[in-house]
Amino acid sequence: MLLAWPRAILLQVAHPLVAAGVAEHSSFADGGYAAVHRLWQTVQAMLALTFGDAVEQQEAIEGILAIHRRVNGTLRETVGPFPAGTRYSAEDPALVLWVHVTLLESMVLAHDALLSPLTDEERDAYCAEAAWVPVALGARTDDVPTTWNAAQAYLQQVYAAGTLAVGSDGRAVGQAVLSPPLGPLATPLTAIVRLLTRAWLPERIRHAYGLSWSEADA
């Protein structure tokens, strides 16, 4: 899960409206204790949503919704198809859906690469069992993919639509994710995260962040 997150985050902030929300309303660039504490809180929320009982799941959802209500504003600069001044909100159903599916796909890719490949039936079950979370966070029920093929079709639709573009906000978040200010002791782990993230990103998105990939890397 932890190794899949950076890939998911870079995909998420390749959407200019998501990138603006993260850059303007998150302490993503803070290092040391703040970064570790934020990661711990996120892990606890993920574990509650996945393995918690009904009360724990609802508390996690309410916590995320409370954060989402505060995240809104306007783009400071034109990025891709979005002109400066375009409004964004973390409660936007389309953005909730994008964040969900990028995380969904990243988890499966990491599992397949590092553990063992899931069967088609297991992938579909994972998509179906996870679908309630984005709906609870504001995504439209009919838009949320409940099969792996539907998730892939949605991703290809977004890629083809031309809505993704990495601007200054996206690059800043991406840099903080791939090179977190955690000190020299974290360098080996950071190197592993950077390698895996570069490996798993779609080529177009990797290029947009100025990241490379070679036969030696493979």
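What you see is a predicted model, and the numbers here were worked out from it, not measured in a lab.

**Focus on the overall build of the protein**
Then step 1. Helix and strand content of the protein: 11 helices and 2 strands.
Then step 2. Shown N-terminal to C-terminal, the secondary structure of the protein runs as helices and strands in the order α-α-α-α-β-β-α-α-α-α-α-α-α.
Then step 3. The principal-axis extents of the C-alpha atoms in the protein amount to approximately 45 × 40 × 40 Å.
Then step 4. Counting only residues that meet the buried cut, the protein has 42% of its 218 residues in that class.
Then step 5. By element, 58% of the accessible surface of the protein is carried by carbon and sulfur atoms, the whole surface being about 11500 Å².
Then step 6. Across the protein, the 13 positively charged side chains and the 22 negatively charged ones have centroids separated by 10 Å.

**Considering the packing of helix H1 (residues 5-12) against helix H10 (residues 187-200)**
Then step 1. One way to put it is that H1 packs onto H10 with a least axis distance of 8 Å and a crossing angle of 55 degrees. By the angle class used here, H1 and H10 are oblique. Handedness of the H1/H10 crossing: right-handed. On the side of H1, the interface is formed by Pro6, Arg7 and Leu10, while H10 contributes Val193, Thr197 and Trp200.
Then step 2. Here the contact of H1 with H10 is built from residues that sort into 4 nonpolar, 1 polar and 1 charged.

**What to know about the packing of aromatic side chains**
Then step 1. Counted by the stated rule, this structure contains 2 aromatic pairs.
Then step 2. When the centroid spacing of 6.3 Å and the interplanar angle of 55 degrees are considered together, the rings of Trp98 and Tyr154 count as tilted. Of this pair, Trp98 sits in helix H5 (residues 93-114) while Tyr154 sits in helix H8 (residues 148-161); the two residues are 56 residues apart in sequence, bridging distant segments of the chain. For the residue pair Trp98 and Tyr154, the accessibility class agrees, reading buried in each case.
Then step 3. Ring plane angle 85 degrees and centroid distance 6.4 Å describe the contact between Trp98 and Tyr159, whose orientation is recorded as edge-to-face. Highlighted residues: Trp98 in helix H5 and Tyr159 in helix H8, separated in sequence by 61 residues. The pair Trp98 / Tyr159 is uniform in exposure class, with both members buried.
Then step 4. Taken together, Trp98, Tyr154 and Tyr159 form an aromatic cluster joined through their ring pairs.

**Observations regarding the layout of surface pockets**
Then step 1. Considered as a void within the structure, the second largest pocket measures approximately 270 Å³ in volume.
Then step 2. Surrounding the second largest pocket, 17 residues form its lining, His15, Ala94, Tyr154, Val158 and Thr163 being those nearest its centre.
Then step 3. The set of elements that each furnish at least two residues to the lining of the second largest pocket consists of H5 and H8.
Then step 4. If you tally residues by element for the lining of the second largest pocket, the top one is H5, at 5 residues.
Then step 5. Residue composition of the lining of the second largest pocket, by class: 11 nonpolar, 3 polar and 3 charged.

**Brief notes about the side chain of Gln12**
Then step 1. With respect to the element layout, Gln12 can be found in helix H1.
Then step 2. Taking relative accessible area as the criterion, Gln12 reaches 12% and is therefore assigned buried.

**Quick look at helix H4 (residues 54-70)**
Then step 1. The end-to-end C-alpha distance of H4 is 25 Å, a good match for the 24 Å that 17 residues give at a rise of 1.5 Å each.
Then step 2. You can read the cap of H4 off the contacts: a side-chain oxygen lies 3.1 Å from the backbone nitrogen of Val55, and it is on Asp53.

**What to know about H1**
Residue pairs spaced three or four apart in an α-helix point in one direction, given the helix's 3.6 residues per turn.
Then step 1. Counting buried positions along H1 gives 7 out of 8 residues, so the element sits mostly inside the fold.
Then step 2. Those residues of H1 not exposed but buried are Trp5, Pro6, Arg7, Ala8, Leu10, Leu11 and Gln12.

**Digging into the nonpolar core**
Then step 1. Counting 47 residues, the largest nonpolar core has Leu10, Trp98, Tyr154, Ile205 and Tyr209 as the members making the most contacts within it.
Then step 2. Sorting the residues of this core by element identifies H1, helix H2 (16-25), helix H3 (32-51), H4, H5, helix H6 (120-130), H8 and helix H9 (168-178) as the ones contributing at least two each.
Then step 3. The element best represented in this core is H5, accounting for 7 residues.
Then step 4. Ignoring anything within four residues of it in the chain, the contact list for Tyr209 reads Leu10, Val13, Ala14, Val166, Gly170, Arg171 and Gly174.

Rules used in this analysis
Residues numbered from 1 in each chain as written. Predicted model: local features only at pLDDT ≥ 70, side-chain atom pairs only at ≥ 80, totals over all residues. Heavy atoms only, no water. Helix = DSSP H or I, 4+ residues; strand = E, 2+ residues; numbered from the N terminus. Buried < 20%, exposed > 50% of the residue type's maximum accessible area, 1.4 Å probe, protein only. Areas by Shrake-Rupley, 256 points an atom, 1.4 Å probe, with all protein chains shown as cover. Lys, Arg positive; Asp, Glu negative; His and termini not counted. Charge placed at Lys NZ, Arg CZ, Asp CG, Glu CD. Axes fitted to C-alpha atoms, helices over the stretch in contact; angles between N-to-C directions. Parallel < 35°, antiparallel > 145°, perpendicular 65-115°, else oblique. Left-handed = near helix turned anticlockwise from the far one by under 90°. Contact = heavy atoms within 4.5 Å. Nonpolar A, V, L, I, M, F, W, Y, C, P; charged D, E, K, R; others polar. Phe/Tyr/Trp six-rings, centres within 6.5 Å; stacked < 30°, edge-to-face > 60°. 1 Å grid on protein atoms, 1.4 Å probe; cavity = no way out; pocket = protein on both sides within 12 Å on 5 of 7 lines; lining within 4 Å. Points joined across faces, edges and corners; volume = space filled by probe spheres on them. Expected span 1.5 Å × (residues − 1). Polar contact = N/O pair within 3.5 Å; in protein donor to acceptor, adjacent residues only side chain to side chain. Core = buried A, V, L, I, M, F, W, Y, C linked by side-chain atoms within 4.5 Å.

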